[in-house]
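For reference, the chains in residue letters:
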Amino acid sequence: MRYETGAGRNGGFRLYDYYSRRANLRHHRRSRVILGSHLSDYLLERGHRVICVDNLVTSSLRNIEHIRTGEFVFMNHDMTEHLEIEEPVDFVFHFAALASPVDYLRMPLHSLKVGSQGTHNALGLAKFKRARFLLASTSEVYGDPQEHPQPETYWGHVNPIGPRGVYDEAKRYAEALTMAYHSQQGIDTAIVRIFNTYGPRMRPNDGRAIPTFVRQALANNPMTVYGDGSQTRSFCYVDDLIRGIVLLAESREHLPVNIGNPDERTLLELAEAIKRVTGTSSEIVYEALPVDDPQQRRPDITRAKQVLGWQPEVSLEDGLGRLLSALGAASPAR
Ligand code: UDP
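Only a predicted model underlies this, so the values are computations on that prediction, with no experimental measurement involved. (Residues numbered from 1 in each chain as written. Predicted model: local features only at pLDDT ≥ 70, side-chain atom pairs only at ≥ 80, totals over all residues.)

**Q** What am I meant to see in the overall build of the protein here?
**A** Scanning the protein from terminus to terminus reveals nine helices and 13 strands. Counting the 334 residues in the protein, one finds 52% classified as buried. Sequence-distant contacts, at least 24 apart, represent 77% of the contacts inside the protein between residues at least 6 apart. (Helix = DSSP H or I, 4+ residues; strand = E, 2+ residues; numbered from the N terminus. Buried ≥ 20, exposed ≤ 12 C-beta atoms within 10 Å, placed from the backbone. Contact = placed C-beta atoms within 7 Å.)

**Q** So what exactly am I meant to see when it comes to the packing of helix α7 (residues 267-278) against helix α9 (residues 316-326) here?
**A** Geometrically, a packed helix pair is captured by the angle between its two axes and the distance between the axes. It is at 10 Å that the axes of α7 and α9 come closest, and there the two elements cross at 50°. By the angle class used here, α7 and α9 are oblique. Relative to α9, the crossing made by α7 is right-handed. Within the contact between the two elements, α7 uses A273, I274, V277 and T278 and α9 uses L316, E317, L320, G321 and L324. Of the residues assigned to the contact of α7 with α9, the class counts are six nonpolar, two polar and one charged. (Axes fitted to C-alpha atoms, helices over the stretch in contact; angles between N-to-C directions. Parallel < 35°, antiparallel > 145°, perpendicular 65-115°, else oblique. Left-handed = near helix turned anticlockwise from the far one by under 90°. Nonpolar A, V, L, I, M, F, W, Y, C, P; charged D, E, K, R; others polar.)

**Q** Got a minute to help me understand the packing of helix α3 (residues 108-129) against helix α4 (residues 165-185) in this structure?
**A** Where α3 contacts α4, the axes come no closer than 8 Å and their chain directions differ by 20°. When the axis of α3 is compared with that of α4, the two are roughly parallel. Between α3 and α4 lies a crossing of right-handed hand. Where α3 approaches α4, its residues P108, S111, L112, G115, S116, T119, H120, L123 and K127 are matched on the opposing element by V166, Y167, A170, K171, Y173, A174, L177, T178, Y181 and Q185. Tallied by class, the residues present in the contact of α3 with α4 amount to 10 nonpolar, seven polar and two charged.

**Q** What am I meant to see in the nonpolar core here?
**A** Burial of nonpolar side chains together is a common tendency in soluble globular proteins. Formed by 76 residues in total, the largest nonpolar core has its most connected members in V92, L134, V192, F213 and I245. Looking at this core, the element that brings in the most residues is helix α6 (residues 238-250), giving seven residues. (Core = buried A, V, L, I, M, F, W, Y, C linked by C-beta atoms within 7 Å.)

**Q** Could you clarify how one ought to interpret the site of the ligand in this entry?
**A** Lining the immediate environment of the ligand, one finds 15 residues, of which R208, A209, T212, T224 and Y226 sit closest. The set of elements that each furnish at least two residues to the shell around the ligand consists of α5 (209-218) and β8 (223-226). In terms of residue count, the dominant contributor to the shell around the ligand is β8 (three residues). The class makeup of the residues in the shell around the ligand is six nonpolar, five polar and four charged. (Near = placed C-beta within 6 Å.)

**Q** Is there a simple way to explain the confidence of the model for the protein in this structure?
**A** Note that predicted coordinates carrying low pLDDT should not be read in detail. When the pLDDT values of the protein are averaged, the result is 89; 88% of them are 70 or greater. Long-range and interchain partners of residues 1-35, a stretch whose pLDDT sits below 50, account for 186 contacts in this model, where long-range means more than four residues apart. (pLDDT = per-residue confidence, 0-100.)

**Q** Which parts of the structure should I look at to understand the pairing of strand β4 (residues 91-94)?
**A** Within a regular beta strand, the side chains point alternately toward one face of the sheet and then the other, so they alternate between its two faces. Neither face of β4 is open: one carries F91 and F93, the other V92 and H94, and all of them are buried. Of the pairings in the sheet, the one linking β4 to strand β5 (residues 132-138) comprises four bridges and is parallel in character. Each bridged residue has a counterpart across the sheet, and for F91 the counterpart in β5 is R132. (Pairing = 2+ DSSP bridges.)

**Q** How should α6 be read in this particular structure?
**A** One turn of the α-helix equals 3.6 residues, which is why residues spaced by three or four share an orientation. Look at α6: 18 Å from first C-alpha to last across 13 residues, which is about the 18 Å you get at 1.5 Å a residue. All buried positions along α6 are accounted for by V238, D240, L241, I242, G244, I245, V246, L248 and A249. (Expected span 1.5 Å × (residues − 1).)

**Q** What is the right way to read the sheet that holds strand β6 (residues 189-194) from this model?
**A** For sheets, the rule is that strands pair by backbone hydrogen bonds, running either parallel or antiparallel. Here we have four strands laid out as an open sheet, ordered β4-β5-β6-β11, and parallel in their pairing. Edge strands, defined here as strands with exactly one partner in the open sheet, are β4 and β11 (257-259). Between one strand axis and the next, the sheet turns by 25° as a mean value, whatever way the strands run. Pairing of β5 with β6 involves six bridges; the strand directions are parallel. Paired with L135 across the bridge in β6 is I191. Docked against the sheet, α3 engages β4 and β5, running at close to 170° with respect to β4.

**Q** Where do I start with unusual backbone geometry in this structure?
**A** Most peptide bonds take the trans configuration, and most residues that are not glycine carry a negative phi. Cis peptide bonds are those with omega within 30 degrees of zero, and the linkage from H148 to P149 qualifies with -10°. Structurally, P149 can be placed in the loop between β5 and α4. With a phi close to 65°, L56 is a non-glycine residue in the positive phi region. Its location among the elements puts L56 in the loop between β2 (49-54) and β3 (72-76). You will see that N220, though not glycine, has its phi angle at about 55°, which is positive. Classification of N220 as exposed rests on a count of 12 C-beta atoms within 10 Å.

**Q** What is the right way to read α7 from this model?
**A** The terminal C-alpha atoms of α7 lie 16 Å apart, and with 12 residues this matches the ideal 16 Å at 1.5 Å per residue to within 8%. Positive phi shows up at G279, right after α7, with a value of about 65°.

**Q** Sorry if this is basic, but what is going on with the environment of V246 here?
**A** Tracing the sequence through the fold places V246 in helix α6. With 25 C-beta atoms counted inside 10 Å, the residue V246 sits in the buried group. Separated by 207 residues in the primary sequence, V246 and L39 place their C-alpha atoms 8.3 Å from one another.

Okay, structure coming up:
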């Protein structure tokens, strides 16, 4: 159902992809795929066919209007409803979700429904098509973590009835369903736990820290840091994320793998970094911390390094510069 196309904790770039199964994608030039705009770009460049399924509730056709190839197909469809694809499908990338806190707080039942019914439908499709299935999970499965940094073996610290529970528990259920389809039905599945991600095409009003701070900084408006700004996040540039996700899709791994940038910053440090790269005259103002806002978050990427040979390459400052360039904004510090 909900596909978002932007960056974010889960990057935002969400959809679906399908392409050649059992297979190293590098050896399947005509694979068939669906997913969010950045993943679509990446796969189309490598010769795959992409079927993108999105109901446009949190995304926009503007994110794919630059795509001009007959190998890209768009379907406007809600993943909580049964989906039929006429042609062969080799990979299913299940990215449908409301990943931004402002969206899942606005549509809590939809968040639960797309994580449960939407994941069920996507797994059913993968089973019918004999496709490899990749679930976009999230660092939110770790909740407000008491273990730091977070390895995949950590079970998490989640408030099921708090405001974030409608997203966190939906993703935890989706992981459980994916593993059950794997162990009981023999479906070839993968789970990526995506940490905070950013990049071009995020909605300026999507509510998350980087698009909010950049929008405020470019308008010389006050930058709204929640709480005292001592909470931490670790921000991954979207190109690094997509590269890691495709490596995972190409692998034979079934257990969850964290993909994120371990460069941890406080939110105040993030706001200062955005002040520097934009050269804004904005001041920083402090607002109330949202309920259950995790105090710290940093991925342990040991498994990603070992299993996929992956690690991020784009620094925060470089990634912010790329983001500003994509927005057509000058970047004085670059
Ligand atoms: N945040 C902030 N100001 C904003 C938006 C977000 O200080 O205008 C904080 C938020 O409270 C959280 C961090 O930035 O501590 C990251 O929030 P985001 O919504 O980007 O992602 P998530 O909390 O899901 O990691």
